[in-house]
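Results of the structural survey
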Amino acid sequence: MKRDTIITTAGREPDKNHGFVNPPVYHASTILHETVADLEWSRGHRWEPGVYTYGRHGSPTHAALEEAMAALEGGWRGMCVGSGLGAIQAAILAFVAAGDHVLMVDSAYGPARRFCDAFLGRFGVETTYFDPRLGAGVADLMRETTKVVFVESPGSLTFEIMDIPAVAAVAHDAGAAVIMDNTWSGGYFFQPFAHGVDVSVQAATKYIVGHSDVMIGTITTTEEHWRRVRQSVADQAAPSGPDDVYLALRGLRTLAVRLGRHQETALTLAQWLRDRPEVRRIMHPGLPEDPGHEIWRRDFSGSSGLFGVVLQDYSKPAVAAMLDGMKLFSMGASWGGYESLILPTDPAPMRTAKAWNEAPTIRIHAGLEDPDDLLEDLERGLERLTAHG
Ligand SMILES: *Cc1c(COP(=O)(O)O)cnc(C)c1O
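Criteria and cut-off values
Residues numbered from 1 in each chain as written. Predicted model: local features only at pLDDT ≥ 70, side-chain atom pairs only at ≥ 80, totals over all residues. Heavy atoms only, no water. Helix = DSSP H or I, 4+ residues; strand = E, 2+ residues; numbered from the N terminus. Rg over C-alpha atoms; globule rule 2.2 N^0.38 Å. Buried < 20%, exposed > 50% of the residue type's maximum accessible area, 1.4 Å probe, protein only. Contact = heavy atoms within 4.5 Å. Areas by Shrake-Rupley, 256 points an atom, 1.4 Å probe, with all protein chains shown as cover. Lys, Arg positive; Asp, Glu negative; His and termini not counted. Charge placed at Lys NZ, Arg CZ, Asp CG, Glu CD. Salt bridge = Lys/Arg side-chain N within 4 Å of Asp/Glu carboxyl O. 1 Å grid on protein atoms, 1.4 Å probe; cavity = no way out; pocket = protein on both sides within 12 Å on 5 of 7 lines; lining within 4 Å. Points joined across faces, edges and corners; volume = space filled by probe spheres on them. Nonpolar A, V, L, I, M, F, W, Y, C, P; charged D, E, K, R; others polar. Polar contact = N/O pair within 3.5 Å; in protein donor to acceptor, adjacent residues only side chain to side chain. Axes fitted to C-alpha atoms, helices over the stretch in contact; angles between N-to-C directions. Left-handed = near helix turned anticlockwise from the far one by under 90°. Phe/Tyr/Trp six-rings, centres within 6.5 Å; stacked < 30°, edge-to-face > 60°. Lys NZ or Arg CZ within 6 Å of the ring centre and 35° of its normal.

What follows covers the overall build of the chain. Of regular secondary structure, the chain possesses twelve helices and eleven strands. Scaling as 2.2 N^0.38, a compact globule of 389 residues should have a C-alpha radius of gyration of about 21 Å, and the chain matches this with 21 Å. For the chain, the spread of C-alpha atoms along the three principal axes comes to 75 × 50 × 35 Å. Out of the 389 residues belonging to the chain, those deemed buried represent 53%. Residue pairs in contact within the chain that sit at least 24 positions apart in sequence constitute 74% of those at least 6 positions apart. Counting every atom, the chain has about 16,600 Å² of accessible surface; 52% of that belongs to carbon and sulfur. Here the chain carries 35 positive and 49 negative side-chain charges, and the mean point of each set is 2 Å from the other.

Printed below as a string of structure tokens:
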């Protein structure tokens, strides 16, 4: 089945739900069993589909989303947790113990880096970082103790495309698992398991939910790694609530049409900005001049609504004058909703493998408004930027 069909059908069982199109929202802590034998059987089979033992471990509502996400990303099975960062943490913790090493891309989501350095570091797990454009060169950075190679493509804030198949081949040769943060593509424009990824995590908070009203993370794995990661999720005990799961499932059904529009509008804005004198360069792998464009064309089937802009040498107050006066683009953390966002960014303090020295930079999320209105808003913004000097 093609992806557009998968996202409209996977995880639905109207025949079991009295014909209702969508699954009901199961609210539960306790799940009852009629006999001791039944109770014991379900405990023994607790991670199998259709087996429910306790609210913390999920419900049929959770199972519907998990099944649909696994089908979309092309993995074995899925699970959901309370946030995207929670998904990253549970995935990494499934593989490491004191004395182990994590190799992480330098452009990874900032709080994921912080979790590795500040939190895992206290428990004797060391993390080092690699240049997102290194490809098979990561072989030189692998250690005997490397258990996880963590990738994100394109990178948070800076949008470098990685050669994931090349990195995955090196990781697998050394017996390490490849965990990918696949949030940017929504799991729709990039098929992680077809490119060597073992565990795919998403901040479903972003494009899967799509309406800026829910925090939720998803994890999908290969058959080989499923049990280990499922146990890690259970041990960390940060479940997603059934109402949030339901909203994520509802968002998923329209992912394809929303992403198509996000893609189109982002490319329109990026192409317009590229030709403006106030702009030094655009960080968007869908543009032919982008250094990651060739690999993006090889591995991805589209681009989403989030991209970066390097401005000419403007002062901080000038950038603030531009952003403060925007009418349609709002400022705030997160992205992936229907509304356009704009943020000043500062990648430099987070880079350790290779210094980042381009500034000022901003990040744009192209929402579902009319692109002409968005261009108008940006044009007025650039006027404020130059007027301030
Ligand atoms: C937002 C985000 C996360 C974290 O997800 P939350 O649901 O906010 O915890 C992880 N990775 C990327 C790339 C993100 O943009």
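To continue, consider the pattern of salt bridges. Pairing between side chains of opposite charge can happen when their charged atoms approach one another. Tallied over the entire structure, the rule returns 16 salt bridges. Its salt-bridge partner being arginine 274, residue aspartate 275 comes within 4.0 Å of it at the nearest N-O pair. The salt bridge involving aspartate 299 is made with arginine 298; its shortest N-O contact spans 2.8 Å. Note on arginine 298: relative accessible area 49%, which makes it partly exposed. Salt bridges linked by common partners bring Asp106, Arg113, Glu160 and Arg351 together as one network.

What follows is about empty space enclosed by the protein. Tallying each qualifying case throughout the model produces three cavities of 30 Å³ or more. Put simply, the largest cavity is a space of about 130 Å³. Surrounding the largest cavity, 16 residues form its lining, Arg56, Cys80, Arg230, Val233 and Pro239 being those nearest its centre. The set of elements that each furnish at least two residues to the lining of the largest cavity consists of α3 (60–73), β1 (77–81) and α7 (223–236). For the lining of the largest cavity, the class distribution of residues is eight nonpolar, five polar and three charged.

As a further point, take helix α6 (residues 164–173). Looking at α6, one finds that the buried residues are Ile164, Ala166, Val167, Ala168, Val170 and Ala171. Contacts made by the buried residues of α6 are with β4 (146–152) and β5 (177–181). Looking at the residues trailing α6, positive phi occurs at glycine 175, about 75°.

Tracing the chain through its elements places aspartate 290 in the loop between β8 (279–283) and α10 (293–299). At a separation of 3.3 Å, a polar atom in the side chain of aspartate 290 contacts the main-chain amide nitrogen of histidine 284. In this structure aspartate 290 touches Ile282, Met283, His284 and Pro285, once residues within four positions along its chain are discounted.

The subject of this paragraph is the environment of methionine 215. When you line up the elements, methionine 215 lands in the loop between β6 (199–203) and β7 (217–221). For methionine 215, a relative accessible area of 52% gives the class exposed. Each C-alpha atom of the pair methionine 215 and glycine 332 lies 15 Å from the other, and the pair is 117 residues apart in sequence. Those residues in contact with methionine 215, other than ones at most four positions away along the chain, are Gly82, Ser83, Thr205 and Asp244.

At their nearest, the axes of helix α9 (residues 255–274) and helix α12 (residues 371–388) sit 10 Å apart, and the two run at 35° to each other. Along this stretch, α9 crosses α12, giving a crossing that reads as right-handed. Together, Arg261, Thr265, Thr268, Leu269, Trp272 and Leu273 of α9 and Pro371, Leu374, Leu375, Leu378, Glu379 and Leu382 of α12 make up the contact between the two elements. Among the residues forming the contact of α9 with α12, the class breakdown is eight nonpolar, two polar and two charged.

Another point: the packing of aromatic side chains. A full pass over the atoms with the stated rule returns six aromatic pairs. Ring geometry for tryptophan 184 versus phenylalanine 300: centroids 6.0 Å apart, planes at 70°, classification edge-to-face. Note that tryptophan 184 is positioned in the loop between β5 and β6 and phenylalanine 300 in the loop between α10 and β9 (306–311), a separation of 116 residues in sequence. Since its relative accessible area comes to 8%, phenylalanine 300 is described here as buried. In this structure an aromatic cluster arises from ring pairing among Phe115, Phe119 and Phe123. One Lys or Arg, arginine 77, reaches over the ring of tryptophan 226 and ends 4.9 Å from the middle of that ring.

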